[in-house]
Amino acid sequence: MELNEALYRCNKCGFCQASCPFYQFTREEWATARGRLRLIREALEGRLAPSDGYASRLYRCFMCGACSATCPSGVPIEEILLRTREELALKGFIPSPLEELGQRVTSTGNISGEEKALRLSWAQNLEFTVRRNGKPEVVYFVGCVSSLYPQAYGLPQSMVQLLEKKEVNYSVLGEEEVCCGYPLLLNGQVDLARKVAERNIALVRETGARILLTTCPSCYRMWKKFYPELLGDEIGLDVVHSVQWLVEAGFPLKPFEEKLTYHDPCDLGRGCGFYEEPRAFLRAIPGASLVEMPLTRAEALCCGGGGNVESLDPSAGEGVARIRLEQARLAGANVVVTACPQCRRTLSRAARGMGIKVVDIVELGARLLG
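About the thresholds
Residues numbered from 1 in each chain as written. Predicted model: local features only at pLDDT ≥ 70, side-chain atom pairs only at ≥ 80, totals over all residues. Heavy atoms only, no water. Helix = DSSP H or I, 4+ residues; strand = E, 2+ residues; numbered from the N terminus. Rg over C-alpha atoms; globule rule 2.2 N^0.38 Å. Areas by Shrake-Rupley, 256 points an atom, 1.4 Å probe, with all protein chains shown as cover. Lys, Arg positive; Asp, Glu negative; His and termini not counted. Charge placed at Lys NZ, Arg CZ, Asp CG, Glu CD. Core = buried A, V, L, I, M, F, W, Y, C linked by side-chain atoms within 4.5 Å. Buried < 20%, exposed > 50% of the residue type's maximum accessible area, 1.4 Å probe, protein only. Contact = heavy atoms within 4.5 Å. Pairing = 2+ DSSP bridges. Axes fitted to C-alpha atoms, helices over the stretch in contact; angles between N-to-C directions. Arc of directions from axis to C-beta. Right-handed = clockwise from strand over helix to strand, strands pointing away. Salt bridge = Lys/Arg side-chain N within 4 Å of Asp/Glu carboxyl O.

A.B. asks: So what's going on with the overall build of the chain? Which residues, and what values?
C.D. replies: Helix and strand content of the chain: 19 helices and eight strands. For 370 residues, the compact-globule estimate of 2.2 N^0.38 gives 21 Å, and the C-alpha radius of gyration of the chain, at 20 Å, lies within 12% of that figure. With the C-alpha coordinates aligned to their principal axes, the bounding extent of the chain is approximately 65 × 45 × 35 Å. About 15,500 Å² of surface is accessible on the chain, with carbon and sulfur atoms providing 48% of the total. The positive charge centre, built from 44 side chains, and the negative charge centre, built from 44, are 4 Å apart in the chain.

Okay, here's the thing in structure tokens:
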């Protein structure tokens, strides 16, 4: 379907209003999918000239895909927004905070602008040396958040502990690893994202590995879905997310007498269809009780950490995270489990003082090893 044609399939029903996290925060019509689509139509038909204000509204979106999942007319809203952002980027309308984000990714290879030598900081306190050479079967692609944000270090530490426990022949890329390019794609900087894809694929192929493992849903979706689209060809690697690996590993787990709820990461759930695997793992924990939030699976509310919005409008992400945690409280949960370092980071900051713990499923698995 041509995207221009798809624009006109919106029947303004308002289903997107109920599912949109940005609307839940702002309560403004422009924040809904139908509002954004109307802005794009006005520009397409020549009644609205592209401007910084116009671009600001189209970039203030978590790109969570909830509107596309609930649209009864089947409008591919996320795809339309990605294409529109590409056009805005070519015309020089990327908001300056996002332009700076793109420059950090291209110049330093990561979202925070850190030196590449710090990429293995998370591994410094482990009781063993993380593998970085040889001929691995699996390359663990750690990702920017887990590599460079200290509050997220527990995730890669737990992942390599589980890999060691299972005696997997793995390796990490260390300081040679760079961002997967997803922030560039979200910015509309498609050519830059394509160059990152080519570099990353070549680097992993050099190791001889057959499997690319990641704990980050955005990295997973980029490698699994967007890399083949950007390059017009299969990448020749089996891309695996940690929830798949955990379920297949079959570790015996110690009891955990807590009431858990699972937060579906947008890129892993709606983006890639992983809903049952993490829940199957959590139900297998002795003594644990799994409860569901009011919005779950394809209807799950975003954590507030997606779409590069943190760089553009951090207050929106914080507000949405608090809404999500209130849903966990309504479900009676005292532990929120997710499968994404950014979800864990965003929700953990908002959970302060709420009496709710937030943990990644890989960290929980490592903690409960029998």
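There's plenty left to go through after this.
A.B. asks: I'd love a proper account of the environment of Gly-332, names of residues and values included.
C.D. replies: With respect to the element layout, Gly-332 can be found in the loop between helix H17 (314–330) and strand E7 (335–338). When the C-alpha positions of Gly-332 and Lys-259 are compared, they lie 7.4 Å apart, and in sequence the two are 73 residues distant.

A.B. asks: Tell me about the nonpolar core, and name the residues and values.
C.D. replies: Grouped together as the largest cluster of nonpolar side chains are 107 residues, with contacts concentrated most on Trp-223 and Trp-245. Among all residues touching Trp-245, those that are not within four sequence positions of it are Met-159, Leu-162, Leu-163, Lys-166, Val-168, Leu-213, Val-240 and Phe-251. Residues Val-336, Cys-340, Ala-350 and Val-358 belong to the second largest nonpolar core, which totals 17 residues.

A.B. asks: Residue-level account of the sheet that holds E7, with values.
C.D. replies: The four strands lie next to each other as E6-E5-E7-E8, forming an open sheet whose pairing is parallel. Each end of this open sheet is capped by a strand with a single partner; those strands are strand E6 (289–291) and strand E8 (357–360). Shown here is a sheet whose adjacent strand axes are inclined to one another by a mean of 35°, direction ignored. In this sheet, E7 lies alongside strand E5 (residues 259–262) in parallel orientation, the contact comprising three bridges. Within E7, the residue paired with Tyr-262 across the bridge is Val-337. Running over the sheet, helix H18 (residues 341–350) touches E7 and E8 and is turned about 170° from E8.

A.B. asks: Give a description of helix H15 (residues 276–283) that names residues and reports values.
C.D. replies: Turning to H15, its buried residues are Pro-278, Arg-279, Phe-281 and Leu-282. Down the axis of H15, the buried side of the element spans an arc of 160°, and every buried residue falls inside it.

A.B. asks: Provide a residue-level description of the pairing of E5, including the pertinent values.
C.D. replies: Looking at chain direction, E5 and E6 are connected through three bridges and run parallel. By the bridge assignment, Lys-259 is partnered in E6 with Ser-289. Since E5 and E6 lie parallel, the crossover through H15 that links them has a hand, and here it is right-handed.

A.B. asks: Any chance you could break down the pattern of salt bridges for me, citing the residues and the numbers?
C.D. replies: In the structure shown here, the tally under the stated rule is 21 salt bridges. Arg-60 is the partner of Asp-313 in a salt bridge, and the nearest nitrogen-oxygen pair spans 3.5 Å. Of this pair, Asp-313 sits in the loop between helix H16 (309–312) and H17 while Arg-60 is found in the loop between helix H5 (52–59) and helix H6 (66–70), placing the two residues 253 residues apart along the sequence. Look at Asp-313 and you get buried, because its relative accessible area is 15%. One salt bridge connects Glu-276 with Arg-297, and the closest N-O pair in it is separated by 3.0 Å. Highlighted residues: Glu-276 in helix H15 and Arg-297 in the loop between E6 and H16, separated in sequence by 21 residues. Residue class for Glu-276 comes out partly exposed when judged on its relative accessible area of 41%. Residue classification places Arg-297 among the partly exposed residues on the basis of a relative accessible area of 25%.

By themselves these figures say nothing about function.
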